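For reference, the chains in residue letters:
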Amino acid sequence: MTRFLPIALLFFLFVCSACGSKEDPVIENEEEVITDVIYQLKPVGGGSEEVTMTFSDPDGDGAEPALVNVTGSLAVNTLYDGTLIVANLSDSSNPQDITAEVINEAADHQFFYIPSAGLETTIRYRDSDGDGNPLGVLTEVETGGFSSGTLKIILRHLPTKGSSATISNPSAAGGETDIEVTFPVSIGN
Amino acid sequence: MNRGTLLAGALLLGLCTCVRAQDCNLSVSGKMLDEHGREELAFASVYAVESGEGVQADADGRFELTARCPGPLTLRFSHIGCDPKVVTFDLRQDTSFNVYLHHHDNYTETVTVTSTGAGVAYEERLDREADQQLGLVLERITGVSSLRTGTAANKPVFEGLYGNRLSIQNNGVPQAGQQWGNDHAPEIDPWVAAYVRVVKGVDALRYAGSTLGPTVLIEPAPLTERTSPGGKVAYGLHSNGWGHTLNARLTDTAFVAYRLSGSLKMSGDRRAPDYYLTNTGQREGDFALQAAKFISPKLTARGYYSLFNAEIGVLRGSHVGNLSDLQEAIGRERPFYTESGFSYDFASPRQRVSHHLLKGELIFTPTDRTSYTVQYGGQLDNRKEFDVRRGDDGQAALKLLQYSHLLEAGHQRKLGAFRSLEAGVQLENVDNTNQPGTGILPLIPDYLANRVGGYLTFHHKPEKFRYHFGLRLDHQFYEALTISRDLPRRVVRYRHHYNTLGASAGASLRVNSRLSGESEITFRQRAPQINELYSQGLHQGVSGIEEGDRSLVPEQSLKGSLDLSYGSRNGALSVSGGLFYQRVDNFINLEPGQEFRLTVRGAFPVFTYRGVDAELWGGQLAVLAHVADFDLESGLAVVQGYNRSDGLPLVYMPPLNWRSALTYTLTNDLTLSATALVVARQDRIEPQQDILPPPPGYALIGTGLAKTLTLGGNPLNLELEVENLLDQAYRDYLDRQRYFADAPGRSINFRISYSW
């Protein structure tokens, strides 16, 4: 009888190892996530069509592919006012505009706009943080002749402000990239 | 009165003369044991230096030297796999004592022998490294390398295995909190540890924990009935990082035998030869209490509690947001955010961890042939990691709380003179919970893990040909509470059951008193761990999205090894070497996928855990030599690993490394030492396997001077040491921060310790 005791005990342990259940975890409110980037270009003085570039990826790192959309072409030799909006739309019942937070912490942020080679545009900052360094929520875009390519928009957190970085070359700025999205752009087509 | 004294003196003189005149008929006898006093060192050698004679101990480790003359006697004790040790004393009468040797094989310790107790002297060598990181202490074992995250984390690699494939036993309890990834160091204070070693094959079967064979054992010096009261305080200063370490230890007996240990550490930014490694400061405060009660000769109770508390800064320039950041960070002469000055302060990224371990053990030895043990080990690991983030920097990006419990019962029995049997059952429970309030979906889900395991080993140890074999069975249950990545977010539960088997058999042949060989074959299965099954999300350390695969099946490994040891008769030279080959089916490998996943931070490679067929092989060679006043210790290790499924080498395999230390004893209390470490370049990596080619090989040299003074009859040790003497700029292949910065440069270390 005692011989079977260890075996019975072992069996009991095996059965026991499968018991237990854990409470549901709290689903974290992803407050700092950015899911959507919207770049609105309005022609100064009207005349041409407004162009809106949208990047949307509500599931973040998840497997669902991100959507990139550009509403049309930019006109040749035109000056546009650009406004950037960043938002967290991961929870459709609670959309959050992150742009205000970025402006609040302007000294810790900087947007960069990098047109691909061949795309005839000149982009300039139209805003700055409290120290007079550029921020890049507001920009102006001057188009040149017929051309096409891409526009890459980068948001750096804690860059070295006042470094030799320019609006189209962030490499000297350092910092962590919070946003890096690329839009197809054509001018005049 | 005066006359009486004279008479007594004459009588005494006469007695002495009488003794001198006697034939040499004194005997010296004793028993050689391992330092725990558990295992007799069968057939060990005893060499009498003056007369040049040697005897061999019997199967129980007993030795006897007869027909000794009175006077100074020098005995050298040696055993294959142990450091030789010399004991000198003045023989006046028949003498009997126990000799406690420590196995050198895979130990970082040299052996010390005293007739009163091995404990204190043993600890000395590891004590001298108590102001180093644990990983660096482990590296002294031939075959062990470190997988590092700069100065922030350090994990051992042995024979190409690390992380989930190499378990770490802290005082006999599998260290918890190690399955969250490779950037978390084991939470163990080297000051408390007296012995570190790696066991494999049959010897490793009895240990719980996730492993594919070997296990690292880190143990404090046991309290034994021989333990005498005493204490030690030590202070260390490292010039690189201006690190201060204060250690204290007190051993005493009051109702129970106890030992209190404590450590305080503080260091600031480390410095690479050309710049400061900004934000690499650390703070640490550790405490441990060991207690033992020898209730009766048959019953011993032991208790242990340790608390490890640390706050660790991570190199600021190693924190990147995406692949473009990484590319920019790589090309730089010095890392981003490098400050021009030194600072003790550090901010995010940083880690804060506290780890409690509580252990209780009852050992019942009804006869000297049988023993029973019951052990409980509970751990609480509380880890917080702070990232540089847009919101509040004081808000942790990762907050984990893990409780784990281990209940174990074991039985040891000797069958006849040479045979012994050991069996045990283990019950383990791990409850891992992500604490809310991080604002980030966790990379590792909440989970519950229960495991039941049992083992049985058999040893047959006669003089010439020995064999041993063993079996281990485990049943692992997981319940993972994942949060869906698609919207809307919801909790999805998964359950898993895995059965795993471990079996090992080995034999050793003692050719003669100098040469022996050992061969072992081990089959082990390892259940996938939670990070391999359920990791989910962006891992900024690797700039990739890491995804677990819940369809993974246990790894299955077959390993063969062959070891040879030579120990010269007078104990002045010992050489050991080994070779191994390991085949692993379903080797769980983190592999980059073909496609990149587009996120708002740009495109990231997706790394997935996948079961592949792998093979590993390698070897090591260790030499210990004592020539005149010189002691030489040298170890060489080679390992290679291949993924047989795609023919590519495995990543994070240590390149060839060779470590040597030469000590010269100038006088009894003054020693000079020189160390050298040579690490080759890791050439067995294809360019597509890494974002940066492996760094070039490097060689580091160091030097040291140690002096022992006597203060109030007790030893006061002073040491001066220079690490990386030439202030060489280098990067190590196994360091995950090598993309961003050089390793630390020269450090001049001073250490003072006083023991009583």
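Just so it is clear, the model here is predicted, and its values are computed rather than measured. All residue numbers here refer to positions counted from 1 along the written sequence of the relevant chain. Throughout, the order in which chains and ligands are written sets their labels, letters from A for the former and numbers from 1 for the latter. Only residues with pLDDT of at least 70 get local features here, since the model is predicted, and only at 80 or more are side-chain atom pairs given and counted; chain-wide, interface and lining totals rely on the full set of residues. Values shown for side chains rest on all heavy atoms present in the structure; no hydrogens or waters enter the calculation.

(A) A look at the domain arrangement of chain B. Residues and elements named next belong to chain B. Residue ranges for the domains originate in an automatic or database domain assignment. Each assigned domain of chain B is listed here: domain 1 (19–101) and domain 2 (132–386 + 421–755). Across the contact, 14 residues belong to domain 1 and 19 residues belong to domain 2. By definition, a salt bridge exists where a carboxyl oxygen of Asp or Glu is found within 4 Å of a side-chain nitrogen of Lys or Arg. Counting across the domain 1 and domain 2 interface gives zero salt bridges. In the analysis that follows, any N or O atom pair within 3.5 Å is treated as a polar contact, provided that within protein one partner can donate a hydrogen and the other can accept it, and provided that, for residues neighboring in sequence, both atoms belong to side chains. One can count zero residue pairs in polar contact (both at pLDDT 80 or more) joining domain 1 with domain 2. A run of DSSP states H or I qualifies as a helix once it reaches four residues; a run of E qualifies as a strand once it reaches two. Both are numbered from the N-terminal end. Those elements that provide at least two residues to the side of domain 1 that touches domain 2 are β3 (53–56) and β5 (71–78). Gly falls in the polar group here, along with every residue not listed as nonpolar (Ala, Val, Leu, Ile, Met, Phe, Trp, Tyr, Cys, Pro) or charged (Asp, Glu, Lys, Arg). In terms of residue class, the side of domain 1 that touches domain 2 is made up of six nonpolar, four polar and four charged. We call two residues contacting when some pair of their heavy atoms lies within 4.5 Å.

(B) Expanded view of the sheet that holds strand β6 (residues 109–115) of chain A. All names here are of chain A. Any two strands between which DSSP finds at least two bridges are classified as paired. The strand order across the open sheet formed by three strands is β6-β9-β10, and the pairing between neighbours is antiparallel. The sheet is open, and its two borders are formed by β6 and β10 (176–187), each paired with just one other strand. Across the sheet, the mean angle from the axis of one strand to that of its neighbour is 15°, orientation sign disregarded. Of the strand pairs in this sheet, strand β9 (residues 147–157) and β10 are connected by eleven bridges, and their pairing is antiparallel. Bridge assignment links Ile 154 to a residue of β10, and that residue is Glu 180. For helices, the axis comes from a line fit to the C-alpha atoms of the stretch in contact; other axes are also lines fit to C-alpha atoms, and the angle between any two N-to-C directions lies between 0 and 180 degrees.

(C) Here's a closer look at the pattern of salt bridges. This model, assessed by the stated rule, comprises 41 salt bridges over all chains. Residue Glu 591 of chain B pairs with Arg 610 of chain B through a salt bridge whose shortest N-O separation is 3.1 Å. In this pair, Glu 591 of chain B sits in strand β33 (residues 573–599) while Arg 610 of chain B sits in strand β34 (residues 602–627), placing the two residues 19 residues apart along the sequence. Because the salt bridges share partners, they merge into one network encompassing Asp 24 of chain A together with Glu 479, Arg 493 and Arg 495 of chain B.

(D) Seen up close, unusual backbone geometry. In the segment running from Ser 348 of chain B into Pro 349 of chain B, the intervening peptide bond is cis, with an omega of 0°. Mapping Pro 349 of chain B onto the fold places it in the loop between α4 (323–330) and β22 (350–367).

(E) View of the sheet that holds strand β1 (residues 26–34) of chain B. All names here are of chain B. Across the sheet, three strands lie side by side as β4-β1-β7; this open sheet has mixed pairing. In the strand order of this sheet, the two ends are held by β4 (62–68) and β7 (95–101), each with one partner. Here the strands of the sheet are splayed against their neighbours by 20° on average, with no regard to which way each runs. Strand direction decides the pairing type here: β1 and β4, joined by five bridges, are antiparallel. The partner of Val 28 across the bridge, within β4, is Leu 65.

(F) Highlighting the packing of aromatic side chains. Residue and element names in this part refer to chain B. Ring pairs are drawn from Phe, Tyr and Trp, using the six-membered ring of Trp, whenever the two centres fall within 6.5 Å, and their geometry is named by plane angle: stacked under 30 degrees, edge-to-face over 60, tilted for the rest. Under the defined criterion, the tally for this structure stands at 21 aromatic pairs over all chains. Between Phe 63 and Phe 97, the aromatic rings sit 6.3 Å apart at their centres with planes inclined by 65°, giving edge-to-face as the arrangement. Placement of the pair is Phe 63 in strand β4 and Phe 97 in strand β7, with a sequence separation of 34 residues. The residues Phe 63 and Phe 97 share a single accessibility class, namely buried. The rule is simple: take the accessible area with a 1.4 Å probe, protein chains only, and divide by the maximum for that residue type; under 20% is buried, over 50% is exposed, in between is partly exposed.

(G) Looking closely at the interface of chain B and chain A. Contacts between chain B and chain A engage 55 residues on the former and 53 residues on the latter. Put simply, buried area is how much 1.4 Å-probe accessible surface two parts lose in total, over both of them, once they are put together. Carbon and sulfur atoms supply 54% of the area that chain B and chain A bury against each other, a total of about 4500 Å² over both sides. Applying the counting rule to chain B against chain A returns five salt bridges. The closest approach of N and O atoms between Glu 328 of chain B and Arg 156 of chain A, which form a salt bridge, is 3.2 Å. Connecting chain B to chain A are 20 residue pairs in polar contact (both at pLDDT 80 or more). Those elements that provide at least two residues to the side of chain B that touches chain A are α4, β25 (419–434), β26 (446–460), β27 (465–483), β28 (491–510), β30 (536–539) and β33 of chain B. Here the side of chain B that touches chain A is composed, by residue class, of 21 nonpolar, 19 polar and 15 charged.

(H) Summary view of empty space enclosed by the protein. Residues and elements named next belong to chain B. A cavity here means a set of 1 Å grid points, computed over protein atoms only, where a 1.4 Å probe fits but cannot escape. A pocket is an open set with protein on both sides within 12 Å along at least 5 of 7 lines, and lining residues have an atom within 4 Å of a point. Grid points are joined across faces, edges and corners, and a volume is the space filled by probe spheres set on the points. What the rule picks out here adds up to eleven cavities of 30 Å³ or more. There is about 570 Å³ of room inside the largest cavity. Lining the largest cavity are 39 residues, and of these Gln 179, Gly 209, Ser 210, Glu 428 and Gln 529 sit closest to its centre. Of the residues assigned to the lining of the largest cavity, the class counts are 14 nonpolar, 18 polar and seven charged.

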